[in-house]
Each structure stands twice: as C-alpha cells, then as structure tokens.
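Structural characterization, general
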2 protein chains.
Amino acid sequence: MAEGKPTKPDLAAVRAQIDGIDREIQALITERALFARQVGRAKGKLAAAIDYYRPEREAQVLRRVVDRNDGPLSDDVLVRLFREIMSACLAQQEPLKVGYLGPEGTFSQQAVHKHFGHSAHGLPLASVEEVFDEVASGAADFGVVPVENSSQGTIQSTLDLFLTSPLMICGEVELRVHQYLMSRTGRIEDIERIYSHGLSLAQCKNWLRQHLPLAEKLPVASNAEGARRARNADDAAAIAGESAGRVYGLKVVAGPIEDRGDNTTRFLVIGRAAFPPSGHDRTSLLVSIHDQPGALYRILEPLARHGISMDRIESRPAHGALWQYAFFIEVTGHVEESPLKDALAEIDAFAGDVRVLGSYPVAVP
Amino acid sequence: MAEGKPTKPDLAAVRAQIDGIDREIQALITERALFARQVGRAKGKLAAAIDYYRPEREAQVLRRVVDRNDGPLSDDVLVRLFREIMSACLAQQEPLKVGYLGPEGTFSQQAVHKHFGHSAHGLPLASVEEVFDEVASGAADFGVVPVENSSQGTIQSTLDLFLTSPLMICGEVELRVHQYLMSRTGRIEDIERIYSHGLSLAQCKNWLRQHLPLAEKLPVASNAEGARRARNADDAAAIAGESAGRVYGLKVVAGPIEDRGDNTTRFLVIGRAAFPPSGHDRTSLLVSIHDQPGALYRILEPLARHGISMDRIESRPAHGALWQYAFFIEVTGHVEESPLKDALAEIDAFAGDVRVLGSYPVAVP
C-alpha cells in the first residue's frame, strides 16, 4: 500500500479507515491500562508507580517493538510512542518522580522524558549532588545524571558521588547528536563562511580540514543561531542538528560530519534498588584497590578469563583510608547471570574491594 | 477486571497479555502511518506535513477519543497519546515547523508540544514579533503565541501584531494551572506559614482570607521552591501545582484553591491559511470602526440578532488612518457556517471594516 502506484486516494474513505484504527488503538490502550492496574495491585490496592516499575521489563518491551518494526515509522518514533504508552499506564495512581539537573529545558530534562515518558514527574534540581540527595531521601524515586558527553568526556564529578553514596545505577540514557553541514543552496562550492557553536566546529575539525580548508569558521552562540545566520546568504553555511537546519529552510550539504561517530551525551539513572536482568545488560563496578603491586591486575584477571568485555575503565582518587585508588569499570552482563556472576565470585578479596553500582539494561535507542 | 476483587495476579500471565496487546497496538499504529502516507500522497509523491495537516480533522479525532473514553486513563492522557500518534504519522516526510517564544523549556514550548506533539519541530525564537515574521516568510509553518494569561490578562502586544500582519489564526491551546495548598502533615490546623510565588499567593487571596487569615504569606522565587521549603516543617505549607507537591512528598490540604476557576494560559496558533469547520469552532474578528456615532453598535447588532455568543471583546487603538478604534472580538462558530456566515454578510460595511483573523477548533483539553 505504501509503495503502491500513486493514485489520488479517496480522502473520506481513508479517513474512515483511520477512524476505525483509532478506535481499536484506543480500546487496546485502555485494555493495557487495566492490565497494568492488575500488575500494580499485587498488594491488594493500586500501588505507587515506584512499587511496580520494572526497568528490565520496559527494556524488553521496547526491544521487541524495534525487532518487529518494518516501517514506515522509524524505530525511535515507535520506541517513543511505546514509552509514552507505558508511562501513562504506570502513572495511574502515583506517577514516578524523577530528579534531574535543572532548569527545565535542559538536555537532562530531555533525557528524563526520553527514558520515563511524559507521565513521569520531573523534578528540576540545582545540582547533581542534590539529585543524589533527593533520591537517597526518597523525595524522588529516581534521578537522571549526566555522566559523559562529547565535549567534556567523562563527568568525573558525577562518578565521584558514587564513592560516598549508597545509590544504585538502574539504567542509562543516551541522547545522540549528529552534526550536519547545511546551507541555503545546498552546494558545497558556494560555501565561504561556516557558522556554528565553537564546540560543534571543533567536533567537525577533521572533516572541515579535508573538505573546506579555506572556508571561514565563525563561532556563534548556538548551533540554532548559526543556522539562522546561514539562511541569509548563498555563501554561508551552518553546522547544526538536522532539525535546526530544517527549521530555517536549509539544505543538507553533507552529514553526519562529526569526527567521532558516537557524538552522544550519556546519562545514568540512579535509584535505591537493584533490578533483575533484561537479557542485554551492562554493569558498573566501583573497584577499590589495596595498595600492593599487581592489585588491579588481580581484579581484572577473572573478568578477562571469563571473556567479559570491558566497556570502560576510569581511575579516581579514592576517599577512604584503606586503599589508594578507585576505578570505575563498566562491563557487559548482569551480576545475577553467568559469566559475570562467576567472574565476580572469583575476584581475590585480598586484592581489593568490588562494589556493584548496578546492573541495568543497555540503552534502547 | 479493573474493579474486580483484589487477588494476587499471575504476573507472567498478565505480562503475556500485555505483550499481545502491544503487538496489536504496534500493528495498528503502523497501519495508521501507512494510511497517513496515502493522505499525504495526494499529489503523487509524499508531501511535507504542512501540505496535509488539517487542524479541524485533528480536533475531530481528539473529540472522538474523549467521547469514547470510559477510563481508567484520563481524557488528557489519552488525548496526549493520540496527539503523539498523529504527530508521528504526519511527520513521516517533512515534519511541521512551529515557531514559539523561546527559550526552550518555557510554557510556550509546552503549548507547542501539547498541540502539535513531539514529532513537530519547535523553533525557539527571540520575540513574538519574530514568530510572526518566521511564519509570514514561510520559514515556520505555524507559530504559537501567548495571548492571555491569568497574571497579565490579555497580552495586548500579541493582539496588536495582527493589526499589521496578514497571518491567520488556525487554533488555540490552553494550558491549565491549578493551585493546591499542600503540607507535610496535610492538616490545615498545623499551618502557620505559606510559601509560594507572589503571583500564586495573589491568585488564591480570597480563599486564604477566608480559610487561613492569620497564616504568614511568604513569597518565594517559584512554586517549586515553596514546595521544597514546606517539606521541612510541620507548620509550613506551600501553594503550588499538584505535581510539585507530589515531588516533595507533600499532602494536599485543599484545592484547587485559586479564586478564579479558569487559571489558564491561552495561546493562539498562527499560520498562513484558513481551514474548514471542525464542528465546534471559534472565530476571531478584527473590527475597525469608522469614526461615527453608533458604529460599534451597528457592527454588533447582526451578531446579536443571529444569536451568536461573544466570548470576548477588546478595544485597541488602531494603527491605520481611516478609523480610530479597532476591536478584537471572539465569537462562537465558523465563518463558513450559519449563523456566523449570515451575520457577517449583514454587517454594514459603512460602519466599519471586519477582518476575519481566523476560524479554528475550540481547544481540546
């Protein structure tokens, strides 16, 4: 039907079809909400969302949505719609309360909405410390804190909070940012000036050196501002997200053009409890090394022997007295499942101390 | 099922049911997207959203959703889900571009998302004038501009832009704000201090005079800040939206307590074209009165005679040379339908000039 021969459709007939579909969708969403109440009523009366929110289950549902998808809607649009449906079903009694680094309108708020849907209640807070505090005290059910972005790399100050906090990591959220070179004419040979935020210009340095070595690079306050300026002249271009260019009627000259393909801001979801495996998980470990030669090696050896892939390792000065270094390590797998479970059991307790910060579903796009 | 006797449900069985429902919902959303492509392909190839976006049709779909709804989800949650589904189906080729008064995170952005869904591309702009300009130039498909709020009343500067702009009004969006008195204990007799934004305190003045005349009123920077402070003592309370109180673990003492029940910020959607009737419409008129006695009366008389209810009238100094006053008038009905059509035809052209700013669906909650 989508790829059929273009004929003028009978608008009224198509709309009647859509009306029938909407009726069915509504009936199903309603049925889903009633089933969600059953899940939430395990204790006799309808519970608060925090009592029956299951991140591993949500991740499984969303992965199935992606697996089933054959278009025409994109995976991320469908994932977003299903997140919203789950979010609405979950929020029937007492919605999730999620703290984040405010003010409203920041990337952190976007991450909250992306992960928990719009039926959760976001709580803008003044600092990442306050997000930890509010979750620890129970005022917030979860918190969303930035842990890595392309401009700053790992946000050490966030990691350091885990050194003294008992909170767990329950999830991760990734916001992807792609850079496009765009202009009014869409022709690379017209471009003599490129407007963009300084950070974005830096992210595309290699590409620019290779393709537009002579063009003037003009840093402006934001990528959107760059796109706005670029629409006024044929010899100007902007580097910005695709949507900013679209908004200003620019044509894509090239993109994505960022030098590293993984231009992403990553957030961790923090909470007070651990959750079961989702089938595709990641685990964050905080390893404190006793001050003796080869200690780190002895910690890592069982992981390597069990074939566990390590996604990241960061060393931090530890705050305690018994050791001198702490390492944040991220590995593939869940602490309740082999091979990670076995590997952790074999780590030599004499070499150091391994604290599991959390096992959580790998981010769904 | 929802109201059945509380028994411990078989979690795995309920989840299997939900999985089946999700599969059906996904199949239906996909089918809906394919039908939307048919509508959008009227001209042979898939058109940009602006070419087949129909506000009157969306309003009809949403009203049907509300009519059909018997719970357990609330009307506004279902309306939001369907707006998102429509927004996603519409955005398959070239999403709607919607200008608004920035920055991101403002009520105006919320209004854009509420009305157009998250698949539309919002364009934060520096001023309401710029929103008009961007829509007029075609850089944005629509604009969303605030026209009335409880604190300022009518925003005259927005209305004045219509005096010199050829743009049409294509819709209205209402964001409702309710005020609640909330405290840690939830008991009114404990309250000796009330924290809230000054504006919110003013909005609840009568209620407070009547119920808590002796309590100290303490204005703070925001309602959220008030809620934050109120959680620290038993004798403190806050006035804020319900969600802010929920976030800080406060109990509702009373509410809604705002003196006027319609504590709403209203936005107009502006565009370049007029749209057909939705069945429940409102029309904005800009009336310029020639300088002669009884002119306004002669304009209003046919409206009254045809039984058309007038929702609002605002006088503004006109900018043109031929008249001395301009009035913004909002009436019930659509210009293409009786009785408004007949009434407009009978207005004495000698008395003044009536410009139809737009007929548009009355806001769906």
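No experiment lies behind these values; they were computed from the predicted model shown.

Here is what the cut-offs are and how they apply
Residues numbered from 1 in each chain as written. Chains lettered and ligands numbered in written order. Predicted model: local features only at pLDDT ≥ 70, side-chain atom pairs only at ≥ 80, totals over all residues. Heavy atoms only, no water. Pairing = 2+ DSSP bridges. Helix = DSSP H or I, 4+ residues; strand = E, 2+ residues; numbered from the N terminus. Axes fitted to C-alpha atoms, helices over the stretch in contact; angles between N-to-C directions. Contact = heavy atoms within 4.5 Å. Buried area = accessible area lost by both parts, 1.4 Å probe. Salt bridge = Lys/Arg side-chain N within 4 Å of Asp/Glu carboxyl O. Polar contact = N/O pair within 3.5 Å; in protein donor to acceptor, adjacent residues only side chain to side chain. Expected span 1.5 Å × (residues − 1). Buried < 20%, exposed > 50% of the residue type's maximum accessible area, 1.4 Å probe, protein only. Core = buried A, V, L, I, M, F, W, Y, C linked by side-chain atoms within 4.5 Å. Least-squares fit on C-alpha atoms with pLDDT ≥ 70 in both. Phe/Tyr/Trp six-rings, centres within 6.5 Å; stacked < 30°, edge-to-face > 60°.

**What to know about the sheet that holds strand S8 (residues 216-220) of chain A**
Residue and element names in this part refer to chain A.
- Here five strands make up an open sheet; going across it, the order is S8-S7-S9-S6-S10 and the pairing mixed. Sheet topology places S8 and strand S10 (251-254) at the edges, where each strand pairs with a single neighbour. With direction set aside, neighbouring strand axes in the sheet form an average angle of 35°.

**Quick notes on the interface of chain A and chain B**
- Listed by partner, the interface residues are 74 residues for chain A and 74 residues for chain B.
- Surface buried jointly by chain A and chain B totals about 7200 Å² across both partners, of which 64% is contributed by carbon and sulfur atoms.
- Taken together, chain A and chain B are joined by 10 salt bridges.
- In this structure, the salt-bridge partner of Glu 84 of chain B is Arg 80 of chain A, at a minimum N-O distance of 3.1 Å.
- At the junction of chain A with chain B, the criterion picks out 19 residue pairs in polar contact (both at pLDDT 80 or more).

**Focus on helix H3 (residues 55-68) of chain A**
- With 14 residues, H3 of chain A should cover 20 Å at 1.5 Å per step; its first-to-last C-alpha distance of 20 Å lies within 8% of that length.
- Three or more residues of H3 of chain A are buried, namely Pro 55, Glu 56, Arg 57, Glu 58, Ala 59, Val 61, Leu 62, Arg 63 and Val 65 of chain A.
- Each element contacted by the buried residues of H3 of chain A is listed here: helix H1 (11-40), helix H4 (75-90), helix H5 (107-116), strand S5 (168-176) and strand S15 (352-361) of chain A together with helix H1 (11-40) of chain B.

**Let's talk about the nonpolar core**
- Residues Leu 96, Phe 116 and Phe 142 of chain A together with Leu 96, Phe 116 and Phe 142 of chain B are the most contacted members of the largest nonpolar core, which totals 90 residues.
- Setting aside residues up to four positions removed in sequence, Phe 116 of chain B forms contacts with Tyr 53, Ser 87, Leu 96, Val 98, Phe 142, Val 144 and Val 269 of chain B.

**A word on the relation of the copies chain A and chain B**
- Each copy of the sequence occupies a distinct position, and chain A is placed on chain B by a rotation of 180° and an axial shift of 0.0 Å, giving an RMSD of 0.1 Å. Those values place the two copies in the arrangement expected of a two-fold rotation axis.
- In this assembly the copies share their binding face: 100% of the residues contributing to the interface of chain A also contribute to that of chain B.

**Concerning the packing of aromatic side chains**
- Applying the stated criterion across every chain, the model contains 10 aromatic pairs over all chains.
- With a centroid separation of 5.2 Å and an interplanar angle of 65°, the aromatic rings of Tyr 53 of chain A and Phe 142 of chain A are classed as edge-to-face. Of the two residues, Tyr 53 of chain A is situated in the loop between helix H2 (49-52) and H3 and Phe 142 of chain A in strand S3 (residues 142-149); the sequence distance between them amounts to 89 residues. One exposure class covers both Tyr 53 of chain A and Phe 142 of chain A, and it is buried.
- Considering the side-chain rings of Phe 132 of chain B and Phe 162 of chain B, the 5.1 Å spacing of their centres and the 75° angle between planes classify their relative orientation as edge-to-face. One end of the pair, Phe 132 of chain B, is in helix H6 (residues 128-137); the other, Phe 162 of chain B, is in helix H7 (residues 156-164), with 30 residues separating them in the sequence. Take Phe 132 of chain B and Phe 162 of chain B: they sit in the same class, and that class is buried.
- By way of ring pairs, the aromatic residues Tyr 53, Phe 116, Phe 142 and Phe 275 of chain A are connected into one cluster.

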